[in-house]
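Coordinate inspection notes
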Protein chains: 2
Amino acid sequence: LKEGDREGFLKLLKDLRPYDQAIQYMKIPRKLHPLFVECMDLSMLTEMLPYLKASSQVELIQSLEPDKAIPILDMMQNDDLAAMLTDLDPEEIDRLTNMMVREEAENVRRILDYPADTAGRAMTNRFVWVHENYTVGKTTEKLRYYSGYATSMNYIYVINSEKQLVGVVSYRQLLLADPETKITDIMSRRVISVDAFTDQEDVAKQFARYDFVSVPVTDKDNLLVGIITVDDVIDIIVREANEDIEMLMASGKQIDFHTKPFTAAYKRLPWLILLLFIGLVSGSIISGFEATLEQVVALAFFMPLIAGMTGNTGTQSLAVVVRGLASEDINLKESLKLIVRELIVGVIIGITCGALIAVIAFIWQGSFMLGIVVGSSLVLTLIIGTFAGTIIPLILSRFKFDPAVASGPLITTVNDILSLLIYFGIATAFLSKLT
Amino acid sequence: LKEGDREGFLKLLKDLRPYDQAIQYMKIPRKLHPLFVECMDLSMLTEMLPYLKASSQVELIQSLEPDKAIPILDMMQNDDLAAMLTDLDPEEIDRLTNMMVREEAENVRRILDYPADTAGRAMTNRFVWVHENYTVGKTTEKLRYYSGYATSMNYIYVINSEKQLVGVVSYRQLLLADPETKITDIMSRRVISVDAFTDQEDVAKQFARYDFVSVPVTDKDNLLVGIITVDDVIDIIVREANEDIEMLMASGKQIDFHTKPFTAAYKRLPWLILLLFIGLVSGSIISGFEATLEQVVALAFFMPLIAGMTGNTGTQSLAVVVRGLASEDINLKESLKLIVRELIVGVIIGITCGALIAVIAFIWQGSFMLGIVVGSSLVLTLIIGTFAGTIIPLILSRFKFDPAVASGPLITTVNDILSLLIYFGIATAFLSKLT
């Protein structure tokens with residue numbers, strides 16, 4: 001397909017959406033990339049670019065002649081551009097932004113000045129504002145003038161003479177209103193805006209709650225500095241959910257189907273080596289109870305069960321808390337209520353499972369005392385496991401850490417060590433009755 | 001606040017968005033609910049209702065006099081209504097829908113006829129369509145007429161005389177076009193639609209890829225039957241991510257901060273009891289190797305480490321596969337490539353961790369042979385753990401199961417049992433050299 005027939009290829013390409021073009025681009029061998037790019041015109045390239053990985057984007061831009069690269073950089077949405085530049089070193093950013101039209105370059109630098117993961121980073125400044133004194137007719141004229149510039153808009157934001165955000169008006173309202181009407185008469189004054197330093201997760205929460213399609217971003221003086229559109233918010237929500245899962249399961253950051261094996265192994269090894277040393281702590285606890293274990297080898301049979309179940313109750317609580325915090329904010333009183341709830345859950349779960357395993361252990365090993373030791377250990381460890389799984393993410397979140405950070409491995413550690421200490425502690429206390 | 005001053009309360013309430021009203025409603029004691037509802041007018045109630053839990057929605061509707069309940073049911077978006085009714089028994093659905101205007105009731109019943117989690121269930125039929133022969137002026141007139149009816153729209157869908165979907169036109173295009181222009185001349189014909197039976201996860205993927213704000217839903221004859229809007233898609237994405245986490249961490253379905261302790265315990269217990277019996281299988285494997293363990297008690301020290309690490313490599317791979325499948329589709333060839341990649345990762349991880357633990361075990365226990373046994377076991381179990389974590393979700397997804405279903409506990413089981421068998425198998429084989 002790609003060997004000879006350029007005409008046919010271009011035709012196929014034109015029928016694809018930018019996302020699908022990007023998928024094709026990433027699928028073909030690297031040496032065909034220049035040919036692929038040659039077939040596309042500037043606007044097609046500009047639209048496809050944001051769907052590539054950041055590193056491929058930079059590679060593509062750098063492979064182009066300046067007379068092609070510069071207009072593409074100028075035409076790209078500022079937020080996409082900022083996302084592409086974010087991982088480059090400062091000199092490279094300077095080199096690329098210096099090629100751009102001065103105004104555009106300044107816009108991008110301003111976006112890059114906001115901290116990562118804030119509203120300021122995710123916003124675009126390709127939006128249209130009008131002054132509150134405009135009429136509907138004059139607004140329409142301005143929109144027509146900027147029609148090529150701001151394509152993804154559903155609302156026009158209204159500012160006053162101090163450039164402060166005072167209202168919002170939809171295309172719908174403009175369409176249905178008389179051209180002579182003043183914007184102030186039809187605009188909605190109950191416009192919700194976010195501060196540029198707001199965490200992007202909080203922005204996403206607002207979109208989910210209030211069913212926005214776009215939201216204006218303001219600075220501390222309520223000056224309108226950009227807008228965030230719902231397509232970027234969907235990306236944020238998907239990325240945050242993936243990050244939560246990566247953290248909770250300690251699976252390594254941003255590993256997808258295209259990650260190279262060495263990179264994937266390199267990203268996962270730190271957690272595993274950490275786990276290995278945690279395992280050694282558990283091992284040394286067991287070795288501390290070697291005398292007990294030597295006298296009652298049957299204690300070893302229930303070790304994986306107790307450690308595994310404690311770990312699992314911990315991660316169950318953890319998952320509930322982390323996902324809950326991702327969609328709701330809770331205050332101290334509600335946190336306490338949640339802790340009490342989880343404690344009750346721990347007691348119910350602990351007593352049920354503890355009673356069950358006590359009976360099974362008694363029947364299996366024929367020792368009533370062993371049943372009591374295993375059962376009562378499980379009751380205690382499950383209550384503690386649930387408690388640790390609830391309180392650790394709550395504390396992390398109260399001190400402004402992402403509750404998912406390190407919580408997975410942290411809770412596994414705490415629960416592994418606590419469960420072994422409790423189990424062997426109880427067993428040693430009753431040792432004379434066990435043998 | 002709520003005791004006397006109704007006027008003041010109403011004023012406060014009016015300044016809140018529907019989501020925040022719903023939060024307040026859920027926070028106040030139950031016996032104040034009727035008073036709360038009395039303060040609100042019909043349109044406020046209608047807007048707040050979808051943000052309550054389904055059970056609270058039904059409760060509220062049932063508490064109202066028919067002369068208030070009926071107009072609310074008629075005014076609600078069909079998709080919200082369908083979501084509210086979905087868990088009720090058929091008689092109750094009939095009773096409620098029979099109160100509604102006939103046309104609205106039929107629309108809701110039609111939505112409820114689609115299987116759960118499909119596009120048909122998530123769509124609303126509150127949209128505006130125009131015939132392709134309309135002019136821009138006539139379209140605007142129709143929009144004005146329906147302005148109270150379809151509030152959340154950004155696009156107008158265009159149909160031909162057979163009622164088939166042929167194009168789409170935005171408010172923007174309408175606003176900027178001359179009133180005499182024909183819709184066919186400005187509409188985009190490259191409209192992407194989804195079939196009503198499409199899984200809602202696939203719909204969400206399309207929104208994320210193509211940056212839609214709404215998408216038309218068609219039946220098998222390409223007749224336009226509804227639209228899905230981006231606010232519903234955000235809900236779907238959040239819900240699906242939560243479901244993935246619930247499954248992966250076996251934390252129980254739909255437990256949030258407001259779930260009662262007994263309900264939460266009841267939902268989590270099945271997994272824990274399953275895990276308890278899995279733990280017993282592990283226990284009986286260990287008891288099968290009791291003789292080995294009695295001779296070399298130090299083997300017990302490394303048991304939690306080996307089982308824990310194997311479980312973790314498995315869930316690492318699992319998380320990568322499950323989240324990858326949530327955003328990409330892969331064919332058989334790509335699946336094989338992924339399996340090979342993960343196998344290489346398993347080998348790298350296995351050799352690194354195996355070598356490390358061999359040295360540590362040798363130094364700690366002073367037995368060269370114990371180091372070899374523990375190290376080689378870990379190499380093998382980590383490779384197998386990675387492999388199991390990759391292949392099980394891929395097989396589940398190939399046979400159209402949700403790869404996250406049961407994968408978490410399933411992989412824990414498989415890996416626990418395999419790792420213990422390998423570890424004690426190798427130890428028993430080298431037993432003469434260990435003692």
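These figures come from a predicted structure and were not determined experimentally.

Applying the stated criterion across every chain yields a total of six salt bridges over all chains. Across the pair Arg268(A) and Glu342(B) runs a salt bridge, and its minimum N-O distance is 2.8 Å. Placement of the pair is Arg268(A) in helix α16 (residues 261-288) and Glu342(B) in helix α19 (residues 332-365), with the two residues belonging to separate chains. Each member of the pair, Arg268(A) as well as Glu342(B), is classed as buried. Several salt bridges converge on common partners, so that one network encompasses Arg268(A), Arg341(B) and Glu342(B).

What follows deals with helix α6 (residues 66-75) of chain A. Those residues of α6(A) lying buried are Ala69(A), Ile72(A), Leu73(A) and Asp74(A). Its buried side turned inward, α6(A) meets α4 (42-48), α5 (54-63), α7 (78-85), α8 (90-99) and α9 (102-113) of chain A.

Inspection of every chain in the model, using the stated rule, returns 20 aromatic pairs over all chains. For the ring pair Tyr210(B) and Phe212(B), a centre distance of 5.7 Å and an interplane angle of 45 degrees mean the geometry is tilted. There is no split in this pair, since Tyr210(B) and Phe212(B) are both buried. These aromatic residues form a ring-pair network of at least three members: Tyr19(A), Tyr51(A), Phe207(B), Tyr210(B) and Phe212(B).

Turning to the domain arrangement of chain A, a few remarks are in order. Assigned domains within chain A: domain 1 (6-113), domain 2 (129-230) and domain 3 (261-434). The distance between the C-alpha centroids of domain 1 of chain A and domain 3 of chain A comes to 50 Å.

The subject of this paragraph is the packing of helix α14 (residues 200-210) of chain A against helix α15 (residues 230-248) of chain A. Residue and element names in this part refer to chain A. As a packed pair, α14 and α15 sit with axes 9 Å apart at the nearest point and diverge in direction by 115 degrees. When the axes of α14 and α15 are compared, the crossing they make is left-handed. The residues of α15 that touch α14, namely those facing Gln200, Glu201, Ala204 and Phe207, are Val230, Val233, Ile236, Ile237, Arg239 and Glu240. Residues belonging to the contact of α14 with α15 are distributed by class as follows: six nonpolar, one polar and three charged.

Moving on, we come to the pairing of strand β2 (residues 155-159) of chain A. All names here are of chain A. The buried fraction of β2 amounts to four of the five residues, a majority that puts the element mostly inside the structure. As paired elements, strand β1 (residues 129-131) and β2 share three bridges and run parallel to each other. Of the residues in β2, the one forming a bridge with tryptophan 129 is tyrosine 157. As paired elements, β2 and strand β3 (residues 165-170) share five bridges and run antiparallel to each other. What sits directly across from tyrosine 157, in β3, is valine 168. The antiparallel pairing of β2 with β3 creates a hairpin that spans five residues between the two strands, and lysine 163 there sits at a positive phi of about 65 degrees.

Time to look at the sheet that holds strand β5 (residues 214-218) of chain A. Residues and elements named next belong to chain A. The strand order β4-β5-β6 describes an open sheet built from three strands, whose pairing is mixed. Where the open sheet ends on each side, the last strands, each with one partner, are β4 (194-195) and β6 (224-229). Where β4 lies against β5, two bridges are found, and the strand directions are parallel. Paired with aspartate 195 across the bridge in β5 is threonine 218.

Moving on, we come to the relation of the copies chain A and chain B. Structural alignment of chain A on chain B gives an RMSD of 0.2 Å, achieved by rotating through 180 degrees and translating 0.0 Å along the axis. Such a combination of turn and shift is consistent with a two-fold rotation axis. When the interface residues of chain A are mapped onto chain B, 100% of them again lie at the interface, so the same face is used by both copies.

Moving on, we come to the side chain of Thr181(B). Position of Thr181(B) relative to the elements: it lies in the loop between α12 (171-176) and α13 (183-186). Reaching out from Thr181(B), the side chain makes a polar contact with the backbone oxygen of Asp178(B) at a distance of 2.7 Å.

For the rest of this paragraph, the subject is the interface of chain A and chain B. The partner chain B presents 112 residues to the 110 residues of chain A that form the contact. For the pair chain A and chain B, the two sides together bury roughly 10000 Å², of which 71% comes from carbon and sulfur. When the buried area of chain A at its contact with chain B is split by residue, Arg172(A), Met249(A) and Phe257(A) rank highest and sum to 9% of it. Across the contact surface, chain A and chain B share two salt bridges. Remark: the boundary between chain A and chain B carries 14 residue pairs in polar contact (both at pLDDT 80 or more). Within the side of chain A that touches chain B, the residues separate by chemical class into 67 nonpolar, 21 polar and 22 charged.

Let's shift gears to the nonpolar core. With 108 residues, the main nonpolar core has Ile228(A) and Ile228(B) as its most contacted residues. The contact partners of Ile228(B), leaving out residues within four places of it in the chain, are Ala119(B), Ala122(B), Met123(B), Val203(B), Phe207(B), Val213(B), Ser214(B), Val215(B), Val217(B) and Val233(B). In terms of nonpolar packing, the next biggest core, distinct from the first, is built from 93 residues, Val320(A), Val373(A), Ile278(B) and Ile348(B) among them.

Now for a nonpolar patch on the surface. All names here are of chain A. On the surface, Val359, Phe362, Ile363, Phe368 and Ile372 cluster together into a nonpolar patch covering about 510 Å² of accessible area. The biggest single contributor to the nonpolar patch is helix α20 (residues 332-365), with three residues. Along the chain, isoleucine 363 falls in helix α20. Under the relative-accessibility criterion, isoleucine 363 is labelled exposed at 64%.

All names here are of chain A. Among the structural elements, methionine 369 can be located in helix α21 (residues 368-398). Classification of methionine 369 as buried rests on a relative accessible area of 16%. Remark: the alpha-carbon pair of methionine 369 and lysine 433, spanning 64 residues in sequence, is separated by 6.8 Å. When neighbours within four sequence positions are excluded, methionine 369 is seen to be in contact with Phe430, Lys433 and Leu434.

With that settled, consider the packing of α15(A) against helix α19 (residues 303-327) of chain A. Residues and elements named next belong to chain A. Between α15 and α19, the shortest axis-to-axis distance is 12 Å and the interhelical angle comes to 160 degrees. When the axis of α15 is compared with that of α19, the two are roughly antiparallel. Crossing geometry of α15 relative to α19 is assigned as right-handed. Here α15 contributes Ala241, Asp244 and Leu248 to the contact with α19, which in turn contributes Leu318, Val322, Arg323 and Ala326. Partitioned by chemical class, the residues of the contact of α15 with α19 number five nonpolar, no polar and two charged.

A word on α15(A). With 19 residues, α15(A) extends 27 Å between its outermost C-alpha atoms, agreeing within 8% with the 27 Å of an ideal straight helix rising 1.5 Å per residue. Most of α15(A) sits inside the fold, with 15 of its 19 residues counted as buried.

For the rest of this paragraph, the subject is the side chain of Thr184(A). Structurally, Thr184(A) can be placed in helix α13 (residues 183-186). On the accessibility criterion, Thr184(A) (18% relative accessible area) is buried.

Where like charges cluster on the molecular surface, the positive patch consists of Lys53(A), Lys260(A), Lys333(B) and Lys337(B). As for its placement among the helices and strands, Lys53(A) is situated in the loop between α4 and α5. On the basis of relative accessibility, which here comes to 43%, the residue Lys53(A) falls in the partly exposed class.

Right, let's get into the sheet that holds strand β1 (residues 129-131) of chain B. Residues and elements named next belong to chain B. Pairing is mixed across the open sheet formed by three strands, whose spatial order is β1-β2-β3. In this open sheet, the two strands that pair with only one neighbour each are β1 and β3 (165-170). Neighbour to neighbour, the strand axes of the sheet diverge by 35 degrees on average, direction disregarded.

Calculation rules
Residues numbered from 1 in each chain as written. Chains lettered and ligands numbered in written order. Predicted model: local features only at pLDDT ≥ 70, side-chain atom pairs only at ≥ 80, totals over all residues. Heavy atoms only, no water. Salt bridge = Lys/Arg side-chain N within 4 Å of Asp/Glu carboxyl O. Helix = DSSP H or I, 4+ residues; strand = E, 2+ residues; numbered from the N terminus. Buried < 20%, exposed > 50% of the residue type's maximum accessible area, 1.4 Å probe, protein only. Contact = heavy atoms within 4.5 Å. Phe/Tyr/Trp six-rings, centres within 6.5 Å; stacked < 30°, edge-to-face > 60°. Domains from an automatic or database assignment. Axes fitted to C-alpha atoms, helices over the stretch in contact; angles between N-to-C directions. Left-handed = near helix turned anticlockwise from the far one by under 90°. Nonpolar A, V, L, I, M, F, W, Y, C, P; charged D, E, K, R; others polar. Pairing = 2+ DSSP bridges. Least-squares fit on C-alpha atoms with pLDDT ≥ 70 in both. Polar contact = N/O pair within 3.5 Å; in protein donor to acceptor, adjacent residues only side chain to side chain. Buried area = accessible area lost by both parts, 1.4 Å probe. Core = buried A, V, L, I, M, F, W, Y, C linked by side-chain atoms within 4.5 Å. Patch = residues over 30% accessible without salt bridge, like charges linked within 9 Å, V, L, I, M, F, W, Y side chains within 5 Å. Areas by Shrake-Rupley, 256 points an atom, 1.4 Å probe, with all protein chains shown as cover. Parallel < 35°, antiparallel > 145°, perpendicular 65-115°, else oblique. Expected span 1.5 Å × (residues − 1). Lys, Arg positive; Asp, Glu negative; His and termini not counted. Charge placed at Lys NZ, Arg CZ, Asp CG, Glu CD.

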